[in-house]
Amino acid sequence: FSADNSSANFTYGFDLDLRYFFGNIGIGAEVGYHTAKAKSEVTGSNYVDKTTTTIQLDVIPVVATVYYKIPVGEASNNFLLVGAGLGYYSGKLDVKYEDNDTIVGDTSYTLKGDQSTIGYHALVEYDYVINSGITFFTGVKVRYVQFDKFEKSGAAITYAGDNISGGLTGINWYIGAGISI
């Protein structure tokens, strides 16, 4: 038998972010959508049997951040932002098990569940503002977001007797553009 596994080390998504500054101190509110997917496939070299498990996690974050602006150089259009905050994260998990084998009684199935949690983040970001107010930025965000168990209709979704868990915990690099008013 052989196994081909792809982990969910890569997430992608987008965020809509509103920020307001009082001098060098700022506050922000953000909502977004992020997704991650992992897949495992097991095949037999002398068999027609094949099983595939696909797990997808979709997350909608609603977060608040406090920022500190640090000017870079003499120009006021270059600056670093250092920020930290917390948020509410709503997650949806979709587990698909597809069983294509010759064993009688094996079946394919799908598990779906939801969970919400509180998460924390910190970031460092570089911003460049063009005279017209268009802003380009890039940064690194560290997040701790952990879903301990997913539920459907109030019942925990389990695999082999254990709760299925997941999260967005990790380091994210991001780029973007916006308008400074």
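Residues numbered from 1 in each chain as written. Predicted model: local features only at pLDDT ≥ 70, side-chain atom pairs only at ≥ 80, totals over all residues. Heavy atoms only, no water.

Some words on unusual backbone geometry
So, point 1. Backbone geometry places serine 153, a non-glycine residue, at a positive phi of 55°.
So, point 2. Along the chain, the position of serine 153 falls in the loop between β9 (151-152) and β10 (155-156).
So, point 3. Overall, serine 153 belongs to the exposed group, its relative accessible area being 79%. (Helix = DSSP H or I, 4+ residues; strand = E, 2+ residues; numbered from the N terminus. Buried < 20%, exposed > 50% of the residue type's maximum accessible area, 1.4 Å probe, protein only.)

What to know about the environment of glycine 113
So, point 1. Of note, glycine 113 is situated in strand β6 (residues 109-129).
So, point 2. Between the C-alpha atoms of glycine 113 and isoleucine 157, which are 44 residues apart in sequence, the distance is 6.8 Å.
So, point 3. Leave out the neighbours within four places in its chain, and glycine 113 touches Gly91, Lys92, Leu93, Phe150, Glu151 and Ile157. (Contact = heavy atoms within 4.5 Å.)

Things to note about the pattern of salt bridges
So, point 1. Enumeration over the complete set of coordinates arrives at seven salt bridges.
So, point 2. Glutamate 125 serves as the salt-bridge partner of arginine 19, at 2.8 Å between the closest nitrogen and oxygen. Of the two residues, arginine 19 is situated in strand β2 (residues 11-22) and glutamate 125 in strand β6; the sequence distance between them amounts to 106 residues.
So, point 3. For glutamate 125, a relative accessible area of 1% gives the class buried.
So, point 4. Taking the shortest distance from any N to any O, the salt bridge between aspartate 94 and lysine 112 comes out at 3.8 Å. Of the two residues, aspartate 94 is situated in strand β5 (residues 78-100) and lysine 112 in strand β6; the sequence distance between them amounts to 18 residues. (Salt bridge = Lys/Arg side-chain N within 4 Å of Asp/Glu carboxyl O.)

Quick word on the packing of aromatic side chains
So, point 1. Inspection of every chain in the model, using the stated rule, returns six aromatic pairs.
So, point 2. Centroid distance tyrosine 20 to phenylalanine 22: 4.8 Å. Interplanar angle 75°. Geometry classified as edge-to-face. Across the pair, phenylalanine 22 and tyrosine 20 agree in class, each one exposed.
So, point 3. Between phenylalanine 147 and phenylalanine 150 the ring centres are 5.5 Å apart and the planes differ by 40°, which places this aromatic pair in the tilted class.
So, point 4. The exposure class assigned to phenylalanine 147 is buried, which follows from its relative accessible area of 0%.
So, point 5. Between arginine 19 and the ring centre of phenylalanine 137, over which it is positioned, the NZ or CZ distance is 5.6 Å.
So, point 6. Sitting over the ring of tyrosine 174, lysine 141 keeps its end group 6.0 Å from the ring centre. (Phe/Tyr/Trp six-rings, centres within 6.5 Å; stacked < 30°, edge-to-face > 60°. Lys NZ or Arg CZ within 6 Å of the ring centre and 35° of its normal.)

Concerning the side chain of threonine 135
So, point 1. Turning to its location among the elements, threonine 135 is positioned in strand β7 (residues 134-144).
So, point 2. According to the relative accessible area criterion, threonine 135 is buried, its value standing at 6%.

Points about the environment of glycine 133
So, point 1. By secondary structure assignment, the location of glycine 133 is in the loop between β6 and β7.
So, point 2. In this structure glycine 133 comes out as buried when scored by relative accessible area, which is 8%.
So, point 3. Spatially, the C-alpha atoms of glycine 133 and isoleucine 179 are 5.6 Å apart, while their sequence positions differ by 46 residues.
So, point 4. Here glycine 133 is in contact with Gly178, Ile179 and Ser180, once residues within four sequence places are set aside.

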